[in-house]
Amino acid sequence: MRKIALAATAILLAACIGSLIYLDSYFNAAAAQTLYWGSSGAEVRKLQETLKRWDYYKGPVDGVFGGGTFEAVKAFQRKNGLTADGVVGPATLKALGFPVQAKAAPKDYQSSGKVVSRDQETTLLARAITGEARGEPYIGQVAIGAVILNRTRHPSFPNTIAGVIYQPQAFTAVADGQINMEPMESCIKAARDALNGWDPTGGCLYYWNPATATSKWIWSRTVEKKIGKHWFGN
Amino acid sequence: MKYVLPIVLAIALIATGLWGYNQNQEREQLANFFMNTNQRLYYDLTGSVQSITTDLSKLMVSGQTRQNIILYSNIWKNAYNAQEKLSQLPIQHAQASKTEKFLNQVGDYTFALAKRNLDGEQLSEQELENLEALHNYSASLCQELQELHNSVFKGEVWLGELVGKANRKLNRQAKEENPVDVQFSKFEERMVEYPELIYDGPFSEHVVKGRKPRLQGDKITKEQARKKAQEFLGEGTVKQIESAPGSTGRINTYSFEGVPKNQTEGKGNPIYVDISQQIGYPVYILNNRDVPKANISPKQAIKRADKFLNEKGFKNMMPTYTMRYDNVVLINYVYKQDDVVIYPDLIKIKIALDNGEVVGFDSTQFLTSNYQRNIEAPKLTSAEAREKATIRAQIEEEGQLCIIPTDAYGEILCYEFEATYKQDKFLVYINANTGVEEKILKTVEQENGTLMI
């Protein structure tokens, strides 16, 4: 039991650290070297000097990252709210006040045509459709996508697709986490059609399932169209 | 008596189990809420940075103060918004401080340039270089955010990295979510107007409200509409057309559901057709069948679409932009009156590349805006308009006369010029009467087609 628990903890820890490092590397875009047990050289010497100055490190400044340095780094990390893993990554370097080398943007104008895309929005919309209407006929899936897009253009709703989808209390599939499922293929197609302007609802802002709707208020909406199990209205 | 202890223990065990289950449920709900909030912030952040990138590149080709100011203020607003979103994400300050600084500075800088531009000062060489550098930086930030996003979904960074660590924080956060705050943040949300992505050709999001010139006429009966739907789909394509509940809304329609000839009812993909109640125009077709392979080229597909539109009575339509997904091509058609391109009058058509069948059609915009316009001769010639346009970009010689919609559902007669700045391409619209730079669109060429932003 104990062994399993230990192993599990170790795996969890590793995953945590892993994701931390992952995040780090993206946000800093840093080319800075990571220092760990076994590293050596001028960088380590500098690290030891700094740690010694701040009373974390008592050993010799020899430029070799050993047990003493490891413990000192861990102590430093604990004190500074970092993951105490004894590895000097970008976050720790930053906390130490070492220059973290940022990736300089190229000086000449670079085309940004490739950078801007709608893939993210298509996937997000497809996820929402999958969560809300995977059992519905295709036209009903396009309709859900269209309602979400109609909302982004309406003054009473958020202006972005993410804003509408993640608006608290707006969609049950979001609240219960179904939105995080892999989107179905037909829902990806439906999301594309909706983004390309197909709107089977004729501009509706609301839909509900009359069999399961719990909100009384929703019944005060005018029904414009019925598609599959859903009613659409304004 | 000897059973008392086991019973008590059993009850205790069950109670503990239930309690644990409840706790777990609650934890899951909170985790979901937390995750959703973060996802949303993240998407909005990415969206804002994309807008900043696009607007910075548009600045390179903008030639008039008026357009500059619009772009500067958009950047300023989006930079503020992005910074705001970033600072709410549970990312340690140390991780994101550079990005925050960058966003703040982009905002500040463009605000300062806007003020100077209003005083009539032009950009210096150095400032132009700065803008280019900012543009590059924001483009790479954009890319990084998109890459990170993949790991947010796949590796569940928010959950592993943040929720696990932040359980205590989470409870506190839930307490702090008081209704006033939520309301306020929603309010603030709506104050920000995002530049809309125009997905399928210039100005396609435009819908004329209330004015439906094409739809003035006699109401047809359901039976007549049924025949039209049958006719529109072509003889033999459809076995049976069932009536679905009719649609009101933007256009009043009769809705039909058809089952293709070689399919049994209730299986496979039905075809959906809506026919307008007035006059009986086809409004849309949706057919989600699989298209396993491509036998014809996109060029041939355009020919098929041309023929289809002609047969169905949509004359003078000109293909503009195409997008290809899997084995289906989406073609945007706009109306052409004499030699003027009328962008508001848009029809979209999808052709399957296996047999050239029409698998999608949408004439909502065309039907709500098309009429014979009285177009007066422009006061400026193409060459005069060209002089009013961008100074920095390469610009084509001859402009194309066109009508573009305004945000307030009006229409403006413009010259459209293609402009190129280094590797990026744009469309610049110059008012054909006043010479004002009305709009700049960036054309983004992707694998599957061209995107207008």
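Residues numbered from 1 in each chain as written. Chains lettered and ligands numbered in written order. Predicted model: local features only at pLDDT ≥ 70, side-chain atom pairs only at ≥ 80, totals over all residues.

The name recorded for chain B in an unreviewed UniProt entry is Germination protein YpeB, from Geosporobacter subterraneus DSM 17957.

If you look chain A up in an unreviewed UniProt entry, it shows as Spore cortex-lytic enzyme from Geosporobacter subterraneus DSM 17957. Of the comments in the UniProt record for chain A, the one headed Sequence similarities (unreviewed entry) reads "Belongs to the SleB family." (UniProt positions renumbered as here; feature names shortened; annotations may be inferred.)

Some remarks on the confidence of the model for chain A
All names here are of chain A. Considering every residue of chain A, the mean pLDDT works out to 76; 81% of them sit at 70 or more. Mean pLDDT per element in chain A: helix 1 (residues 2–28) is the minimum at 44, and helix 6 (residues 138–152) is the maximum at 91. Of the regions scoring below 50 in pLDDT, residues 8–32 engages in 43 contacts with residues more than four places distant in sequence or in other chains. (pLDDT = per-residue confidence, 0-100. Helix = DSSP H or I, 4+ residues; strand = E, 2+ residues; numbered from the N terminus. Contact = placed C-beta atoms within 7 Å.)

Structural notes on the nonpolar core
One broad trend across soluble globular proteins is that nonpolar side chains are buried collectively. L125 and I165 of chain A together with I351 of chain B are the most contacted members of the largest nonpolar core, which has 127 residues in total. Per element, the largest residue contribution to this core is 10 residues, and it comes from helix 1 (residues 4–61) of chain B. Leaving out residues up to four positions away in the same chain, I351 of chain B has contacts with A301, R304, A305, V328, V329, I331, G356, V358 and V359 of chain B. Core analysis: the second largest hydrophobic core is formed by 12 residues, V44, L47, F76 and L93 of chain A among them. (Core = buried A, V, L, I, M, F, W, Y, C linked by C-beta atoms within 7 Å. Buried ≥ 20, exposed ≤ 12 C-beta atoms within 10 Å, placed from the backbone.)

A closer look at the packing of helix 5 (residues 119–133) of chain A against helix 9 (residues 185–195) of chain A
Residues and elements named next belong to chain A. One way to put it is that helix 5 packs onto helix 9 with a least axis distance of 8 Å and a crossing angle of 120°. One way to sum up the angle between helix 5 and helix 9 is to call them oblique. Once helix 5 is placed against helix 9, the crossing between them reads as right-handed. Contacts from T122, L125, A126, I129 and T130 of helix 5 reach helix 9 at C187, I188, A190, A191, R192, A194 and L195. For the contact of helix 5 with helix 9, the class distribution of residues is nine nonpolar, two polar and one charged. (Axes fitted to C-alpha atoms, helices over the stretch in contact; angles between N-to-C directions. Parallel < 35°, antiparallel > 145°, perpendicular 65-115°, else oblique. Left-handed = near helix turned anticlockwise from the far one by under 90°. Nonpolar A, V, L, I, M, F, W, Y, C, P; charged D, E, K, R; others polar.)

Topic: the sheet that holds strand 3 (residues 230–233) of chain A
All names here are of chain A. Sheet architecture is open: three strands sit in the order 1-3-2, paired in antiparallel fashion. In the strand order of this sheet, the two ends are held by strand 1 (206–208) and strand 2 (223–227), each with one partner. Neighbour-to-neighbour, the strand axes of this sheet turn through a mean angle of 25°, independent of strand direction. Inspection of the sheet shows strand 1 paired to strand 3 by three bridges, in the antiparallel sense. Bridge pairing in strand 3 places Y206 opposite G233. (Pairing = 2+ DSSP bridges.)

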